[in-house]
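Structure at a glance
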Amino acid sequence: MVPLSRIVAKNLSQAVSTAGKPRSVRPFTNSAKERNDDPVEFRTLNLNPDRKERKRFEERKNVQHDLLPPRAKRMHVDQQWTNVWPAAASFKATAVPLPVRMGKNLNKKAPLDKYGNAELMKIPNFLHLTPTHINIQCAAIKKFCTPWPKELATDADCHRHFPVQIITSDYCHSGQSIRDSKARVVSFKVPLSDLNLDEHARDKFLRLIGNRYDPKTGVVTLISDRCPTRKQNYDYVCYLITALYFESQKVEPWEHEKTVADFEKYRWEGSPSQIATTKLVRKMVESGRFDMGQQESNSAEAADAREGEGAGKGGAPPSEEDMKRFRVVQQYRSAVSELINVGEDHRTVDKYKDSVKKLLGFQ
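Residues numbered from 1 in each chain as written. Predicted model: local features only at pLDDT ≥ 70, side-chain atom pairs only at ≥ 80, totals over all residues. Heavy atoms only, no water.

Overall, antiparallel pairing links the four strands, which are arranged β1-β2-β4-β3 in an open sheet. One side of each edge strand has no neighbouring strand; the edge strands of this open sheet are β1 (165-167) and β3 (213-214). Two strands pair when backbone bridges link them, and β3 and strand β4 (residues 219-224) are joined in this way by two bridges, in the antiparallel orientation. When the bridges of β4 are listed, Asp 214 appears paired with Val 219. (Pairing = 2+ DSSP bridges. Helix = DSSP H or I, 4+ residues; strand = E, 2+ residues; numbered from the N terminus.)

Pasting the structure below:
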């Protein structure tokens, strides 16, 4: 072990030897390349900065920039709304100059304001479908349109040329999705008279569709909702009406073996009542007791009926087809068919009585 006295003597001798020499002053620099020491700089942590530094930091933090007011407050009274809301978009409170409110306040106060209102942004809006929007859009697509056909001037003309109706519904509500499952339902309507079915096909068609036929309006209605999309339901109802039409046209071999007693409903054609009525009318025409001038039919075959009546006036007896178009014969046919198919009541009996009187010339 080196004694302490030697260490002290050595340090004193070194201090005395360097006391007279001048010392070099190195300039202060922060760059590690300019000074030949360790490149790692030791930075002190100042836990208590002075007041000036704290004040400078607070001033820089609290700087407030000037913001423009919302667009809704800067709009002019004659602002063109189509430029503000040109297409469908979510609700923007800063662009709508209306005091819109929506939602429920739990404190029993007024509904929530439009700013930051999520309820207004969830639902679809119609701000892009104002009358001005529609007029501008119609004017833009007008050059691609053609004049309305003169043959479709009235609703009756449209129904006559386009008898088929496809009815669908769209729904708009607030929820997680704007789609509604009821929008897939498709209704198909067509008048039975426009299907051009004969008596056999008509009877079979009505039996196949069941209660989907309305006898008051004469319209067949098919509704489909079993498929997940509207397009699939539309294709399905088109397939149904096509299958029903061609199925009703089929004639099975056993149908030719049916007699009058096998019919499900009373048929006046070919019945003993028709044969007796035809003979009676022919005798009345030959005897001159039948007024041919008052027997014009109200049906679409009135022109043919007038031709038959003209043939009877000329001396030749009217044919059986002509006599079927006589007004009294058609009334008698309708009264007999309704009396047997519907049943006897005051209305059907009175109708049958009046038709018989007219047929015999008592009225």
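Now that the structure has been shown, we can carry on.
So, about the pattern of salt bridges. This structure, assessed with the given rule, holds 11 salt bridges. Across the salt bridge formed by Arg 230 and Asp 170, the nearest N and O atoms sit 2.5 Å from each other. Placement of the pair is Arg 230 in helix α9 (residues 230-249) and Asp 170 in the loop between β1 and β2 (186-191), with a sequence separation of 60 residues. Of the charged contacts in the structure, one is a salt bridge between Glu 338 and Lys 351, with a shortest N-O distance of 2.9 Å. Within this pair, whereas Glu 338 is found in helix α13 (residues 327-341), its partner Lys 351 is found in helix α14 (residues 346-360), the two being separated by 13 residues in sequence. You can call Glu 338 buried: its relative accessible area is 16%. Residue classification places Lys 351 among the partly exposed residues on the basis of a relative accessible area of 31%. Connected through salt bridges with shared partners, the residues Glu 338, Arg 347 and Lys 351 form a single ionic network. (Salt bridge = Lys/Arg side-chain N within 4 Å of Asp/Glu carboxyl O. Buried < 20%, exposed > 50% of the residue type's maximum accessible area, 1.4 Å probe, protein only.)

Taken together, the side chains of Glu 344, Asp 345, Asp 350 and Asp 354 present a region of like negative charge at the surface. Checked against the element boundaries, Asp 354 lands in helix α14. (Patch = residues over 30% accessible without salt bridge, like charges linked within 9 Å, V, L, I, M, F, W, Y side chains within 5 Å. Areas by Shrake-Rupley, 256 points an atom, 1.4 Å probe, with all protein chains shown as cover. Lys, Arg positive; Asp, Glu negative; His and termini not counted. Charge placed at Lys NZ, Arg CZ, Asp CG, Glu CD.)

The next thing to look at is the nonpolar core. Of all hydrophobic cores here, the largest spans 15 residues; its most connected members are Leu 192, Phe 205 and Val 220. Elements supplying a minimum of two residues to this core: β2, α8 (199-209), β4 and α9. The residues contacting Val 220, other than those within four sequence positions of it, are Phe 188, Lys 189, Val 190, Leu 192, Phe 205, Ile 209, Arg 212 and Tyr 213. Grouped together as the second largest cluster of nonpolar side chains are 10 residues, Val 285, Val 329, Tyr 332 and Leu 359 included. (Core = buried A, V, L, I, M, F, W, Y, C linked by side-chain atoms within 4.5 Å. Contact = heavy atoms within 4.5 Å.)

Moving on, we come to the packing of α13 against α14. Running from N to C, α13 and α14 point in directions that differ by 155°, and their axes come no closer than 9 Å. It follows from the interaxial angle that α13 and α14 lie roughly antiparallel. Between α13 and α14 the crossing geometry is left-handed. For the pair α13 and α14, the contacting residues are Val 328, Gln 331, Tyr 332, Ser 334, Ala 335, Val 336, Glu 338 and Leu 339 in the first and Arg 347, Thr 348, Val 349, Lys 351, Tyr 352, Ser 355, Val 356, Lys 358 and Leu 359 in the second. Its residues assigned to classes, the contact of α13 with α14 shows nine nonpolar, four polar and four charged. (Axes fitted to C-alpha atoms, helices over the stretch in contact; angles between N-to-C directions. Parallel < 35°, antiparallel > 145°, perpendicular 65-115°, else oblique. Left-handed = near helix turned anticlockwise from the far one by under 90°. Nonpolar A, V, L, I, M, F, W, Y, C, P; charged D, E, K, R; others polar.)

Attention now goes to α13. With 15 residues, α13 should cover 21 Å at 1.5 Å per step; its first-to-last C-alpha distance of 21 Å lies within 8% of that length. All of the buried residues along α13 are Val 328, Val 329, Tyr 332, Ala 335, Val 336, Ser 337, Glu 338 and Leu 339. Tucked inside the fold, the buried residues of α13 contact α10 (272-287), α12 (320-324) and α14. (Expected span 1.5 Å × (residues − 1).)

Attention shifts here to the packing of aromatic side chains. In the structure shown here, the tally under the stated rule is four aromatic pairs. Look at Trp 81 and Trp 85: their rings are 6.1 Å apart centre to centre, the planes differ by 15°, and that puts the pair in the stacked class. Consider the rings of Tyr 245 and Phe 246, whose centres lie 5.3 Å apart with planes at 85°: the pair is edge-to-face. Owing to a relative accessible area of 26%, Tyr 245 belongs among the partly exposed residues under this scheme. A cation sits over an aromatic face here: Lys 92 above Trp 85, 5.0 Å from the ring centre. Residue placement shows Lys 182 over the ring face of Tyr 171; its charged tip is 4.8 Å from the ring centre. (Phe/Tyr/Trp six-rings, centres within 6.5 Å; stacked < 30°, edge-to-face > 60°. Lys NZ or Arg CZ within 6 Å of the ring centre and 35° of its normal.)

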